[in-house]
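Chain and residue survey
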Amino acid sequence: MRDEVGRWVRAAAPASVSNVCCGFDLLGFAVAGWQDVVEARSSPRPGVRLLEVTGDGGRLPRTVDENTAGVAVLKLLELIGRDGGEAPGVELRLRKGLPLASGLGSSGASAVAALVATNEALGIGADPERLLTAAMEGERVACGTAHPDNVAPSLHGGLLLVRPGETPALTELPVPAGLTCVLLHPPSAVATEAARAVLPVEVPLSTLTAQAGNLAALVTGLFRGDDRLISGALVDLVAEPVRASMTPGFEAVRSAALAAGALGAGLSGSGPTVFAWTREPDWAARIGEAMRDALERDTGLQGDLLISPVGAPGARVVAHGEPS
Ligand code: HSE
């Protein structure tokens, strides 16, 4: 057993957009530019300790078994059979970069960054399936459901179809050249748990058929690089209708994105961030300005904009040694 703490390993995990309109709990992609960072080091004391959380305004739980980063690492240690109190343990520092309850996969990014940092710091060598299973446990504590459509793209990167199962089956979807995402994050919050509580328990057969048709059309459009198919498919008939009122200015922002030439737009995850897609990277700034102006006109609120390729790289170790 080592009797000293190890060197800090720092990992970053990106924000993600889940659902993508017609793929509720099934589609998600990573975005570049907004991320969470976790530092991990091995400790001669068994167990998981969360030493510090910064960037959250004091809003996140500090206890390991309530914080998504801590929960995910506890699950990883359980999966590799190291939950019996053996050393080394792990110490974590969470640096929140993502806004909370934003629809940007914030809880998932913390869990994923913690797992990637711990995997490296302890030399665990866990395979991606185990990391995904552990990250989903973080989602369970965050919102009551272990949905995989944020943690999978945050971990792996890309644009993913995530089919449910004990270990979800991931399929990386092609991203047509130039496909760009515009995100507008308003200064408000939507708790995923609350946004899931308003979902219908049953949907009419006609809605199921239309939503399945859109999902099939979107996937086909991505494979073919067919903008018309993609554009017509970016509609959510299940979650968005009951969640739209939780996001200030949603209809105005979505309409403004479409009027400015976006292929489609919708809630990012459960909101309140709104995403739009365009095949023309040069149009992204204009679409973003239109969305921001619409939000301000409709609500008086000022949102933050991000422009990113669709399907950015996933989580990675970014530094070894003492953090600055
Ligand atoms: N698919 C999840 C939902 C994502 O819409 O509830 C939550 O961010």
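Note: the structure precedes this text.
Now for a description of the structure that goes with this document. (Residues numbered from 1 in each chain as written. Predicted model: local features only at pLDDT ≥ 70, side-chain atom pairs only at ≥ 80, totals over all residues. Heavy atoms only, no water.)

1. Some thoughts on the overall build of the chain
Cut-off, in case you're wondering: Helix and strand assignments follow DSSP, with helices taken as H or I runs no shorter than four residues and strands as E runs no shorter than two, numbered in order from the N terminus. Both definitions apply: the radius of gyration is a C-alpha atom measure, and the globule rule equals 2.2 Å times residues to the power 0.38. For every residue, the accessible area (1.4 Å probe, protein chains only) is compared with the maximum for its type, and the residue is labelled buried under 20%, exposed over 50%, or partly exposed between those bounds. Between two residues, a contact is recorded if the distance between any of their heavy atoms is within 4.5 Å. Under this rule, positive means Lys or Arg and negative means Asp or Glu; His and the chain ends count for nothing. A single reference atom marks each charge: NZ on Lys, CZ on Arg, CG on Asp, CD on Glu.
Scanning the chain for helices and strands turns up 10 helices and 11 strands. In terms of overall size, the chain behaves like a compact globule, its C-alpha atoms giving a radius of gyration of 20 Å where 324 residues would be expected to give roughly 20 Å. Viewed in the frame of its principal axes, the chain has a C-alpha envelope of about 60 × 40 × 35 Å. By the burial criterion, 54% of the 324 residues in the chain qualify as buried. Taking the contacts inside the chain whose residues are at least 6 apart along the sequence as the reference set, 75% of them involve residues at least 24 apart. Across the chain, the centroid of the 26 positively charged side chains sits 3 Å from that of the 36 negatively charged ones.

2. Some details on the packing of helix H1 (residues 68-79) against helix H3 (residues 128-143)
How we decide: Only C-alpha atoms enter the line fits that serve as axes; for helices the fit covers just the stretch in contact. Angles between N-to-C directions range over 0 to 180 degrees. Orientation categories follow fixed angle ranges, with anything under 35 degrees roughly parallel, anything over 145 roughly antiparallel, 65 to 115 roughly perpendicular, and all other angles oblique. Left-handed describes a crossing in which the near helix is turned anticlockwise from the far one by less than a right angle; the clockwise case is right-handed. Each residue is assigned to one class: nonpolar for Ala, Val, Leu, Ile, Met, Phe, Trp, Tyr, Cys and Pro, charged for Asp, Glu, Lys and Arg, and polar for all the others, Gly among them.
With their axes 8 Å apart at the nearest point, H1 and H3 run at an angle of 140 degrees to one another. It follows from the interaxial angle that H1 and H3 lie oblique. Seen from above, H1 lies across H3 with right-handed handedness. In this structure, H1 uses Thr68, Val71, Ala72, Lys75, Leu76 and Leu79 to contact H3, whose residues at the interface are Arg130, Leu131, Thr133, Ala134, Ala135, Glu137, Gly138, Val141 and Ala142. When grouped by side-chain class, the residues that make up the contact of H1 with H3 number nine nonpolar, three polar and three charged.

3. Things to note about the packing of aromatic side chains
Filter applied, for reference: Centre distance within 6.5 Å is the pairing criterion for rings of Phe, Tyr and Trp, where only the six-membered ring of Trp is used; planes under 30 degrees apart are then read as stacked, over 60 as edge-to-face, and the remainder as tilted.
One pass over the full model with this rule turns up three aromatic pairs. Ring centres of phenylalanine 29 and phenylalanine 275 lie 6.3 Å apart, and the angle between their planes is 75 degrees; on these two criteria the pair is classed as edge-to-face. Taken as a pair, phenylalanine 29 in strand S2 (residues 27-43) and phenylalanine 275 in strand S9 (residues 274-278) lie far apart in primary sequence, 246 residues in all. Accessibility classification places phenylalanine 29 together with phenylalanine 275 in one group, the buried group. With 6.2 Å between their ring centres and 70 degrees between their planes, phenylalanine 275 and tryptophan 277 make a pair best called edge-to-face. Neither residue differs from the other here; phenylalanine 275 and tryptophan 277 are each classed as buried.

4. With respect to the pattern of salt bridges
If charged atoms from side chains of opposite charge come close, those side chains can pair. Just so we agree on the cut-off: A carboxyl oxygen of Asp or Glu within 4 Å of a side-chain nitrogen of Lys or Arg is what we treat as a salt bridge.
Counted by the stated rule, this structure contains 13 salt bridges. Of the charged contacts, one joins arginine 279 and aspartate 227 as a salt bridge, the two residues approaching to 2.6 Å between their closest N and O atoms. Pair noted here: arginine 279 is in the loop between S9 and helix H10 (284-299) and aspartate 227 is in helix H7 (residues 227-233), with a separation of 52 residues, a long-range link. Relative accessible area serves as the criterion here: at 28%, aspartate 227 is assigned to the partly exposed category. Several salt bridges share partner residues, and in doing so they unite Arg10, Glu39, Glu52, Arg93 and Arg95 into one network.

5. Looking at the site of the ligand
Just so we agree on the cut-off: Neighbouring residues are identified by heavy atoms, a residue being near a molecule or strand if any of them is within 4 Å of it. Counted as a polar contact is a pair of N or O atoms within 3.5 Å, where, for protein atoms, one must be capable of donating a hydrogen and the other of accepting one, and residues adjacent in sequence contribute only when both atoms are in side chains. Only the protein chains shown count as cover for residues, with accessible areas throughout obtained via the Shrake-Rupley method and a probe of 1.4 Å. Where a domain begins and ends is set by an automatic assignment or by a domain database.
Every residue near the ligand is listed here: Ser18, Asn19, Phe24, Asp25, His147, Asp149, Asn150, Thr192, Arg196, Arg243, Gly269 and Ser270. In this structure, aspartate 149 approaches the ligand through a side-chain N or O atom, which is 2.7 Å from a nitrogen atom. Between an oxygen atom of the ligand and a side-chain N or O atom of arginine 243, the distance comes to 2.8 Å. Taking 260 Å² as the accessible area of the ligand by itself, protein coverage stands at 98%. A class-by-class count of the residues in the shell around the ligand yields one nonpolar, seven polar and four charged. When residues are assigned to domains, the shell around the ligand turns out to be shared by domain 1 (9-172 + 312-320) and domain 2 (180-309), each giving three or more.

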